[in-house]
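Listed here are the chains, written in short residue letters.
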Amino acid sequence: MIKLHDLYFKPFISEEEIDSAVQRMVDQVANDIQDDIPVFVGVLNGSFMFVSDFVKKYPKPCEVTFIKLASYEGVKSTDDIQRLIGLTQDLTGRTVVILEDIIDSGNTLVEIHRIFENEEVKELKIATLFYKPEAYKKDFKLHYVGIEIPNKFIVGYGLDYDALGRNLPEVYQLKTTQHMTNFVLFGPPGAGKGTQANFLKETYNLVHISTGDVFRQNIKNKTALGMLAKSFMDKGELVPDQITIDMLNAEVEKNSDANGFIFDGFPRTNAQAKALDELMDGKDSQINGMIALEVDDEVLVERLLGRGKTSGRADDADEQIIRNRIKEYYKKTAILKDYYDAQDKYCGVDGVGSISEITERLNKVIDKL
Ligand code: AMP
């Protein structure tokens, strides 16, 4: 994801896709024009990258020139097209191919046809790399179209948002949902995730989802999900992935206008981590980081036995079950460190100390995310 001025954009069309679309257009044009020497007319500013790549691929002699028109204000296409530089050479009797980076409303095409009205060219053809069929309101024929796109604002590969983004070699699309901050609070049972999440959700105005808490709530309410989860939880085993993933998706959907989420106790397996990435992707968002509280095993056992005396949790009362939960964590869950490490998102935090000391350490890490 990238930020230009005040807006966020997500990757949309890769360099490879653009390259093959340009090649396809070149092949079609070269095939149609045969041995005529065409004049390619780029429409500045947006088309400079397209024109450059197009003519480099063009297999036969050709001429290149530019006209300069301006229409966009911020992210809106306006009706008011200004001609900043018109034609600077005589094109009588020539085969002209207009190279446009994008055609949406088609307003620029009106101005282009006006420019060529009195030029006695042999042929005038329109080629556009990107085309928004939903936005196009004119009748002019488009002879060559590279890639059809939905009616969303895009930047990159010559296209800008208030002058930024033209230099990007690939194309990005405006994110329509608001920007969220999401992180995974990670650590073995008893590391203090729940306690710290309560402070963090206040400080950063985030929704805290603890899968353990949601399961316990379901058990308390004797729901079908609760009954299913109970058999696994009582033994300190993980609830199967699909059940947990479906439940988490539903919890996120319940909070669709959240500023972001603290995921606590989720993901615990690679399949869950992948499902979470997909879920975030569907929301035009991502996990910003995994923040892991690191605490020694013996300290954990001691803390959990202490908590079991007052919490009433069956899985906190028995040392063997506690050790099994810690073992499950290292066997199945600790591998997630590698998952987030590979994305450069793992942040380890010392989880031994007073509650406020640990909160302070966490705040420092999150502020940097
Ligand atoms: P916790 O409160 O996070 O320690 O979770 C308590 C228990 O709930 C775990 O021992 C599991 O049985 C179950 N559980 C919680 N989150 C998950 C998850 N992401 N995947 C599978 N089981 C989970």
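Residues numbered from 1 in each chain as written. Predicted model: local features only at pLDDT ≥ 70, side-chain atom pairs only at ≥ 80, totals over all residues. Heavy atoms only, no water.

A word on empty space enclosed by the protein
Next, step 1: Throughout the structure, instances matching the rule amount to one cavity of 30 Å³ or more.
Next, step 2: Each pocket or cavity is described by its volume, and for the largest cavity that value is around 60 Å³.
Next, step 3: Lining of the largest cavity is provided by Leu185, Phe186, Gly187, Lys193, Gly265, Phe266, Pro267, Arg268, Tyr329 and Thr333.
Next, step 4: Residue assignment for the lining of the largest cavity shows that the elements contributing at least two residues are β11 (183-186) and α11 (319-333). (1 Å grid on protein atoms, 1.4 Å probe; cavity = no way out; pocket = protein on both sides within 12 Å on 5 of 7 lines; lining within 4 Å. Points joined across faces, edges and corners; volume = space filled by probe spheres on them. Helix = DSSP H or I, 4+ residues; strand = E, 2+ residues; numbered from the N terminus.)

Some points on the nonpolar core
Nonpolar side chains in soluble globular proteins generally cluster together in the buried interior.
Next, step 1: Core analysis: the biggest nonpolar cluster contains 32 residues, and Val184, Leu248, Phe263, Leu276 and Tyr340 have the highest contact counts within it.
Next, step 2: Grouped together as the second largest cluster of nonpolar side chains are 28 residues, Phe50, Ile154, Leu159 and Val171 included. (Core = buried A, V, L, I, M, F, W, Y, C linked by side-chain atoms within 4.5 Å. Buried < 20%, exposed > 50% of the residue type's maximum accessible area, 1.4 Å probe, protein only.)

Considering the sheet that holds strand β15 (residues 346-350)
Remark on secondary structure: sheet strands pair via backbone hydrogen bonds, oriented parallel or antiparallel.
Next, step 1: In spatial order, the strands read β12-β13-β11-β14-β15; together these five strands make up an open sheet with parallel pairing. The open sheet has two edge strands, β12 (207-210) and β15, and neither has a second partner. Adjacent strand axes in the sheet meet at a mean angle of 20°, parallel and antiparallel pairs treated alike.
Next, step 2: Pairing of strand β14 (residues 289-294) with β15, which is carried by five bridges, proceeds in the parallel orientation. Across the sheet, the residue bridging to Ile291 is Cys347, located in β15. (Pairing = 2+ DSSP bridges. Axes fitted to C-alpha atoms, helices over the stretch in contact; angles between N-to-C directions.)

Concerning the environment of Val299
Next, step 1: Mapped onto the elements, Val299 comes out in helix α9 (residues 297-311).
Next, step 2: When its relative accessible area of 29% is taken as the criterion, Val299 is described as partly exposed.
Next, step 3: Between the C-alpha atom of Val299 and that of Asp281, which follows or precedes it by 18 residues, the distance is 37 Å.

Describing the sheet that holds strand β1 (residues 2-4)
Next, step 1: The four strands are arranged β1-β2-β10-β9 in an open sheet whose pairing can be described as antiparallel. The two strands at the open ends of the sheet, each matched to only one other strand, are β1 and β9 (154-155).

Things to note about the packing of aromatic side chains
Next, step 1: If you walk through the whole model with that rule in mind, you get 12 aromatic pairs.
Next, step 2: Centroid distance Phe186 to Tyr329: 5.5 Å. Interplanar angle 45°. Geometry classified as tilted. Of this pair, Phe186 sits in strand β11 while Tyr329 sits in helix α11, and the two are 143 residues apart along the sequence.
Next, step 3: A relative accessible area of 5% places Phe186 in the buried class. (Phe/Tyr/Trp six-rings, centres within 6.5 Å; stacked < 30°, edge-to-face > 60°.)

Digging into the domain arrangement of the protein chain
Next, step 1: As assigned here, the protein chain comprises domain 1 (2-174) and domain 2 (181-368).
Next, step 2: One C-alpha centre belongs to domain 1, the other to domain 2; they are set 50 Å apart. (Domains from an automatic or database assignment.)

Regarding the pairing of strand β6 (residues 95-103)
Within a regular beta strand, the side chains point alternately toward one face of the sheet and then the other, so they alternate between its two faces.
Next, step 1: Across the nine residues of β6, nine count as buried, placing the element largely inside the fold.
Next, step 2: Judged from the four bridges that link them, strand β3 (residues 39-44) and β6 form a sheet pairing that is parallel. Bridge pairing links Val39 to Val96 in β6.
Next, step 3: Taken together, β6, helix α3 (residues 107-116) and strand β7 (residues 123-131) form a β-α-β motif whose crossover is right-handed. (Right-handed = clockwise from strand over helix to strand, strands pointing away.)

Comments concerning the environment of Arg94
Next, step 1: With respect to the secondary-structure elements, Arg94 resides in the loop between β5 (76-85) and β6.
Next, step 2: For the pair Arg94 and Ile37, spaced 57 residues apart in sequence, the C-alpha to C-alpha distance is 8.0 Å.
Next, step 3: Those residues in contact with Arg94 that lie beyond four places of it in its chain are Ile37, Pro38, Val39, Glu63, Val121, Lys122 and Glu123. (Contact = heavy atoms within 4.5 Å.)

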